[in-house]
Structure formats: C-alpha cells, structure tokens
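The chain contents come next:
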Amino acid sequence: MSGPTTAFIVADPVTVMLSAAAIRAAQAIAEGYANAENLRVEHEGKQQHLRDELRSATAKGRDALMQEVQAADAEFETLSKLAERYASLEKIAATRPASPQHNSEFELAAYLRAMQALTAELRSILLTESALRMDDLGLEATLDKAIADATGQTAVQRLLARIAHLGEVPQDIASVAKEISDAQFADSERAQLLTTELRLRIQQRVESVQAQAVQEASALVLQQSLKDLGYQVEDVSSTLFVEGGVVHFRRQGWDNYMVRMRVDAKSGTTNFNVIRAVETSENERSVLDHLAEDRWCAEFPALLQALDVRGIHLNVTRRLEAGELPVQLVMKDKLPKFADEEETSRDNKLQARNIPSPAGGRGLG
C-alpha cells in the first residue's frame, strides 16, 4: 500500500534525448499520414481527367521523393553506427519510424520530413555528447562541417568547432579565444593556461546546453509515457524539469480522484500523491480514499518501468503507507478538467432535467 511517494530523478542524457526524438518522429508521422488521408479523400472527389493528371504528377514526384527517402535512411544508418559508442543500437534503432506502407506521394513526404528532423536531432545529440567527452569522431568528423573545416587548424579553432552546432559562441568563450590568439606568440605559457581555461568553459557550455535539452526532453517523455499507459494527462510544460511545477493525471472512471506529480527542480526530486477534487461545501473524508491510494500503488511500478526504459530513473526515497496521511482535498475549480468528467457532468444535468419532481410534476426541463 502506498500514500505520498517521493523520488529522486536521475536521467540518462543520451537515452532521454533519443526517446524524445523518437516520440517527435512518431508524432510527425502520425500527423503527416492523417493529412495524407485527408488529401486523398479530397482528390477522390475530383473529375477523372484531374485524377489522371494527379497520378502523372505523383509518379514523377514519387521517384524524386524515393531518392530523398533513401538518402535520409542512409544518413540515419551512418549516424546510428556512430551513436553506438554512446547508446545501444537497440535504443537508437527504436527512434526510427516505420516506413510508409502504401508509398503514396503524401505519405512519403511525411516520412521524409520526420526522418530529416530525426537525423538532425540525432546529429546534434552526437555532436553534443562528443564535445562533452572531448571525444574524437575520427574520419566521421564530416558529421559536422565546422569540425571538418577545423582539421589541421589550431587547437583553439578545433575547440570552437566542437560547439559550432550550438549556435553563436558566448562572449565569455570568445573573449578567452581572443586572449589566446593575442598571447600565443608573446607568452606561450600564458597561452597554454588560457587554452586550458577555454576547454573548461567549452565543457561548461556543453554541459549547460545538454542539461536543458535533457530536462525539456524529459517533459515530453513523461507525458507520452503516461499516455501510453492509458492515463489522461494535462499538458506537460517543457519547463517542468527546468523550473519545477505540477502535473495531474488520471484514468477514466476514477471519478474525482487523480494523481498529482510535483517536481522540485532545485532538489531534483518529484512527489506523487493521490488527491480528490471537491466542491466548496465538501470537506469530509471518504472510505474510497484508501482504495484510491491502493489502486495507484498497484499501478506505480508500471510508470517507473516505462520511464526507466526511456532514460528517466526515479529512485524512491520516501513511501508512506496508504491512509498514513489523509488524501489531499483540492477545490475542483483549481484542477484541470478531463474528457469523461465533462461527459459525466453533461449526463448528470440531462438526467436532472428528466427526473420527475416529488409532487409528480415535470422537472425544470
């Protein structure tokens, strides 16, 4: 049995970001295929000569799309081999969306967009991780043009090339690089010390960027994992693990009960507890509170496992017994509304309209 539970959050950076990339790719594919179906239905209503023209244009377009798809697939394979040094091939392969079954022009275009976005994310993950470890990608350095162009150049240029994919170089790094350039010939010892400082600042820059990327990816992974387990979940802010906050989720049929997940970004912990939505006049405890906690207790391990597979490890540090603390009562108007709650509310209003009055008359319909 379990009441409120607290856990320490430990994320595997590469796995979490790969998981988020996979989720985004799957979402892009689903949206693209839905749009493709809408377009197909729309074109079915056109006249025959227009459909013939569309077929001809589609055939030409399909050939070009197939070439681009093959190129995107090949690039993914190349990146996957490089990524094996940072993550298992199984995890990398799991990010790849399924190829379109019908190979229509619209579906191929949707798949291509998703694959291009996925390979861009995978490339960024690789470059960031290699920069963090000061790892050498060897002959595959052409993964990033800036790194390839830095081959044979100075140590400073090679270091700066490692963070080229992160955008504009921060001023604190650029200023040290300039100091090295100014001191290189006049004071070689100072230049060496400054180079060490530059390497440290670059490392800190990469760590900061990666940490934020992991936190934002974790929010997406959390939301999708809850949905995959069948929960209704309110929108999870991308800043949940950056700034902290709360998320509520529940299953249909849970009536007024839901689970509140509160994230404390500073301490890196999260707390889960069952809450009950109440009206203004309600404040009594219910015998169902204990059952609601037991129900959540039975389901909690599945969430732990789902998050763990995607790179978010929750190490439980405190777990109270069900009933040890009363279920928190929260005003209903302060909580998110979920679909079946709204349906139940409408059904109750309809039933109320049709219930005969005690005097045998009609309701207020």
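(A) How the structure looks around a nonpolar patch on the surface. Taken together, the side chains of Val287, Leu288 and Leu291 present a nonpolar region at the surface, about 320 Å² in accessible area. With respect to the helices, strands and loops of the structure, Leu291 is situated in helix H10 (residues 288-309).

(B) Representation of the pairing of strand S4 (residues 257-264) in the model. Taken across its eight residues, S4 has six buried, putting it largely inside the fold. Inspection of the sheet shows strand S3 (residues 245-250) paired to S4 by five bridges, in the antiparallel sense. If you follow Gly245 over to S4, its bridge partner there is Val263. Hairpin connection, S3 to S4: the antiparallel pair is bridged by six residues, and Gly253 has positive phi, about 95°. Where S4 meets strand S5 (residues 269-278), eight bridges bridge the pair, whose relative direction is antiparallel.

(C) Fine view of the packing of aromatic side chains. All told, the structure shown has seven aromatic pairs when counted by the stated rule. Measuring from ring centre to ring centre gives 6.0 Å for Phe272 and Trp296, while their planes differ by 40°; the resulting arrangement is tilted. Highlighted residues: Phe272 in strand S5 and Trp296 in helix H10, separated in sequence by 24 residues. The exposure class of Trp296 is buried, given its relative accessible area of 2%. Directly above the aromatic system of Tyr231 lies the positively charged group of Arg251, at a separation of 4.1 Å from the ring centroid.

(D) How the structure looks around the pattern of salt bridges. One pass over the structure, following the stated rule, counts twelve salt bridges. One salt bridge connects Glu121 with Arg24, and the closest N-O pair in it is separated by 2.7 Å. Of the two residues, Glu121 sits in helix H4 (residues 105-133) while Arg24 sits in helix H1 (residues 13-44), which places them 97 residues apart along the sequence. One salt-bridge network, in which partners are shared between bridges, spans Asp73, Glu77 and Arg96.

Thresholds, definitions, all that
- In this numbering scheme, every chain counts its residues from 1 along its sequence in written order.
- Only residues with pLDDT of at least 70 get local features here, since the model is predicted, and only at 80 or more are side-chain atom pairs given and counted; chain-wide, interface and lining totals rely on the full set of residues.
- Side-chain numbers come from the whole structure's heavy atoms, not from hydrogens or water.
- Patches here: salt-bridge-free residues with over 30% relative accessible area, like charges joined within 9 Å, nonpolar side chains (Val, Leu, Ile, Met, Phe, Trp, Tyr) joined within 5 Å.
- Accessible surface is estimated by sampling points in the Shrake-Rupley manner with a 1.4 Å probe; for residues, cover comes only from the protein chains shown.
- Salt bridges are counted wherever a side-chain nitrogen of Lys or Arg sits within 4 Å of a carboxyl oxygen of Asp or Glu.
- Elements are defined by DSSP. Helices are runs of H or I of four residues or more, strands are runs of E of two residues or more, and each kind is numbered from the N terminus.
- Relative accessibility thresholds used throughout: buried, under 20% of the residue-type maximum; exposed, over 50%; partly exposed, between the two (1.4 Å probe, protein chains only).
- Strands qualify as paired when DSSP identifies two bridges or more between them.
- Whether two aromatic rings pair depends on their centres lying within 6.5 Å, for rings of Phe, Tyr and Trp, where Trp uses its six-membered ring; planes under 30 degrees apart make the pair stacked, over 60 edge-to-face, and the rest tilted.
- Our definition puts a charge over a ring when NZ of Lys or CZ of Arg is within 6 Å of the ring centre and also within 35 degrees of the ring normal.

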